[in-house]
Amino acid sequence: MNPDIETIAADAVWDVERPFVEIAVIGAADIDRFGHTNNVVYLSLLERVAWSHSVSLGLDFESYEQLGSGCVARRHELDYLAPTFAGDTLWLATWVHENDFRLSMWRRYQIVRAADRKTVLRGQTQWVCVDMKSGRPKRMPPAFRAYRPWPRREGSAA
């Protein structure tokens, strides 16, 4: 039986209450010469879930273009906690951890292997608001209030 996204998001395995969640399955092409998921694949999965979360908040790329503002990655920090392999189903979670509502915000990630509910990766990205034409830093427009920090799980440092 494969649980639905709402059930997965409500699972106590997460560092925060009910994060935004997607499911991914690791394919043979995702495996490196060491026999496990390549680190670049993880970064791609994080970008995918971050965009999906943004879209769910009403901020897709077309919205960025209309606003003349978008977010670009300034820094990634990733902690690889356990390897994953071809055929593994992964639960990808993300949430906004901090947002100064001026120039930058921190988005956190947690990847859990579905089979044993083990966290295999934790990470965060610092996103900076930029002007879509010049690429220069720009104050966040009011629409970026949608990127509000997520509630922490009681007793968690997440």
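Scroll up a little and you will see the structure.
Below you will find a few notes about this structure. As the structure is a computational prediction, the values presented were derived from the model and not from experiment.

Turning next to the packing of aromatic side chains. According to the stated counting rule, one finds six aromatic pairs in the structure shown. When the ring of Trp51 is compared with that of Tyr64, the centres are 5.5 Å apart and the planes differ by 50°; the resulting orientation is tilted. With Trp51 in helix 2 (residues 39-56) and Tyr64 in helix 3 (residues 61-67), this residue pair connects regions lying 13 residues apart in the sequence. With 5.5 Å between their ring centres and 40° between their planes, Tyr64 and Phe144 make a pair best called tilted. Of this pair, Tyr64 sits in helix 3 while Phe144 sits in the segment after strand 5 (118-131); the two residues are 80 residues apart in sequence, bridging distant segments of the chain. Residue class for Tyr64 comes out buried when judged on its relative accessible area of 4%.

For the rest of this paragraph, the subject is helix 2. Taking 1.5 Å of rise per residue, the 18 residues of helix 2 would be expected to cover 26 Å, and the 26 Å separating its terminal C-alpha atoms lies within 8% of that figure. All of the buried residues in helix 2 are Val41, Tyr42, Leu45, Leu46, Val49, Ala50, His53 and Ser54. Along its buried surface, helix 2 packs onto strand 1 (20-25), helix 3, strand 2 (69-80), strand 3 (89-99), strand 4 (104-113) and strand 5. One or two residues past the end of helix 2 sits Gly58, with phi positive at roughly 90°.

Another aspect to go through is unusual backbone geometry. Even without a glycine there, the phi angle at Arg18 is positive, about 45°. Judged by its relative accessible area of 39%, Arg18 is partly exposed. Despite not being glycine, Phe101 shows a phi value in the positive range, around 55°. Tracing the sequence through the fold places Phe101 in the loop between strand 3 and strand 4.

Below, the discussion takes up the pairing of strand 3. Buried residues dominate strand 3, accounting for nine of its eleven residues. With six bridges connecting them, strand 1 and strand 3 associate as antiparallel partners. By the bridge assignment for strand 3, Val21 is matched with Ala93. When strand 3 meets strand 4, the two strands line up antiparallel, connected through nine bridges. Bridging from a neighbouring strand, Leu90 pairs with Arg113 of strand 4. Between strand 3 and strand 4, which pair antiparallel in sequence order, lie four residues; one of them, Phe101, sits at a positive phi of approximately 55°.

Examined against the element boundaries, Ser69 turns out to sit in strand 2. Taking the relative accessible area as the measure of exposure, Ser69 reaches 0% and is therefore buried. For Ser69, the side chain forms a polar contact with the side chain of Lys138, separated by 3.1 Å. Not counting the four nearest positions on each side in its chain, Ser69 is found in contact with Tyr64, Cys129, Val130, Met132, Lys138, Pro141 and Phe144.

Parameters at a glance
- Residues numbered from 1 in each chain as written.
- Predicted model: local features only at pLDDT ≥ 70, side-chain atom pairs only at ≥ 80, totals over all residues.
- Heavy atoms only, no water.
- Phe/Tyr/Trp six-rings, centres within 6.5 Å; stacked < 30°, edge-to-face > 60°.
- Helix = DSSP H or I, 4+ residues; strand = E, 2+ residues; numbered from the N terminus.
- Buried < 20%, exposed > 50% of the residue type's maximum accessible area, 1.4 Å probe, protein only.
- Expected span 1.5 Å × (residues − 1).
- Contact = heavy atoms within 4.5 Å.
- Pairing = 2+ DSSP bridges.
- Polar contact = N/O pair within 3.5 Å; in protein donor to acceptor, adjacent residues only side chain to side chain.

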